[in-house]
Amino acid sequence: MAGVRVRGLAAVVLAALAAGVAGCSDADGPSGAASRAASAVESAGARVSAAASEAAETVESAAAVAKDKLSEVKDGIDVKDDVELGAPATDGDGRTTVLVSVKNSDASKKSFAVQVNFKDEGGKLLDTVVVTISDVAANATGEGTARSTHKLSGTVKAETGSALRY
């Protein structure tokens, strides 16, 4: 989200400068330039607001999908302490990925549903996904990869939200 704000601020500054330069003709004077600059700033602000709203909708949508996916798990046991996450990385498509490892401490083969939350440095939720790791042998470790639903900017941290063994 910080990247959106920086790009939005840059757009506002550039729009204001462009309007000011364009307004330097003798025909319309300083008041015309000021009016165009104000209009450009308002338009850029609206675009930044729309981008922020779209990002918030994306996170809400991802959270709803994750909640639905976890609710499909029947008779799941909370095993959040049996989950380890690797360091976030960026794949070839610009999406954030993280290795998810689960320890099956049960005496029989089990599957896991792990919710991974991607957050910014300030702890704000940027995205959330659920990774299913199927058929992990008894007393073994299984692995999967969590991949963000969209490109994330800035420093991204990954945290385990929920983890169910079933």
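Our subject is the structure that appears above.
Since the structure is predicted, the reported quantities are computational estimates derived from the model, not experimental observations. (Residues numbered from 1 in each chain as written. Predicted model: local features only at pLDDT ≥ 70, side-chain atom pairs only at ≥ 80, totals over all residues. Heavy atoms only, no water.)

1. As for the overall build of the protein
Part 1 of the argument: Of the regular secondary structure elements, the protein holds two helices and eight strands.
Part 2 of the argument: Each helix (α) and strand (β) of the protein, taken in turn from the N terminus, gives the series α-α-β-β-β-β-β-β-β-β.
Part 3 of the argument: Sequence-distant contacts in the protein: of pairs separated by 6 or more residues, those separated by 24 or more amount to 67%.
Part 4 of the argument: For the protein, the exposed area adds up to about 9500 Å²; of that, 54% sits on carbon and sulfur atoms. (Helix = DSSP H or I, 4+ residues; strand = E, 2+ residues; numbered from the N terminus. Contact = heavy atoms within 4.5 Å. Areas by Shrake-Rupley, 256 points an atom, 1.4 Å probe, with all protein chains shown as cover.)

2. Details of the environment of aspartate 106
Part 1 of the argument: Along the polypeptide, aspartate 106 turns up in the loop between β4 (95–103) and β5 (110–119).
Part 2 of the argument: Judged by its relative accessible area of 23%, aspartate 106 is partly exposed.
Part 3 of the argument: Taking the C-alpha atoms as reference, aspartate 106 lies 6.1 Å from asparagine 139; in sequence the two are 33 residues apart.
Part 4 of the argument: When neighbours within four sequence positions are excluded, aspartate 106 is seen to be in contact with Ala138, Asn139 and Arg165. (Buried < 20%, exposed > 50% of the residue type's maximum accessible area, 1.4 Å probe, protein only.)

3. Some remarks on the pairing of strand β8 (residues 157–165)
Part 1 of the argument: Note: strand β1 (residues 77–78) against β8, two bridges, orientation antiparallel. Its bridge partner lying in β8, aspartate 78 is registered against leucine 164.
Part 2 of the argument: With seven bridges connecting them, β5 and β8 associate as antiparallel partners. Across the sheet, the residue bridging to alanine 113 is leucine 164, located in β8. (Pairing = 2+ DSSP bridges.)

4. Topic: unusual backbone geometry
Part 1 of the argument: One non-glycine residue, aspartate 75, lies in the positive phi region at around 60°.
Part 2 of the argument: Looking at the element boundaries, aspartate 75 is found in the loop between α2 (29–71) and β1.
Part 3 of the argument: Residue aspartate 75 is classed as exposed on the basis of its relative accessible area of 73%.
Part 4 of the argument: Of note, asparagine 139 is a non-glycine position whose phi angle comes to about 55°, a positive value.
Part 5 of the argument: Among the residues examined, asparagine 139 registers a relative accessible area of 52% and is labelled exposed.

5. Quick notes on the side chain of asparagine 104
Part 1 of the argument: As for its position among the elements, asparagine 104 is in the loop between β4 and β5.
Part 2 of the argument: In this structure the side chain of asparagine 104 is engaged in a polar contact, spanning 3.0 Å, whose partner is the backbone nitrogen of aspartate 106.
Part 3 of the argument: Contacts of asparagine 104, omitting those with residues within four sequence positions, involve Lys109, Lys110, Phe112, Val136, Ala137, Ala138, Asn139, Ala140 and Arg165. (Polar contact = N/O pair within 3.5 Å; in protein donor to acceptor, adjacent residues only side chain to side chain.)

6. Thoughts on the sheet that holds β1
Part 1 of the argument: In space, the four strands of this open sheet follow the order β1-β8-β5-β6, with antiparallel pairing throughout. Looking at strand neighbours, the two that pair on one side only are β1 and β6 (125–136), the edges of this open sheet.

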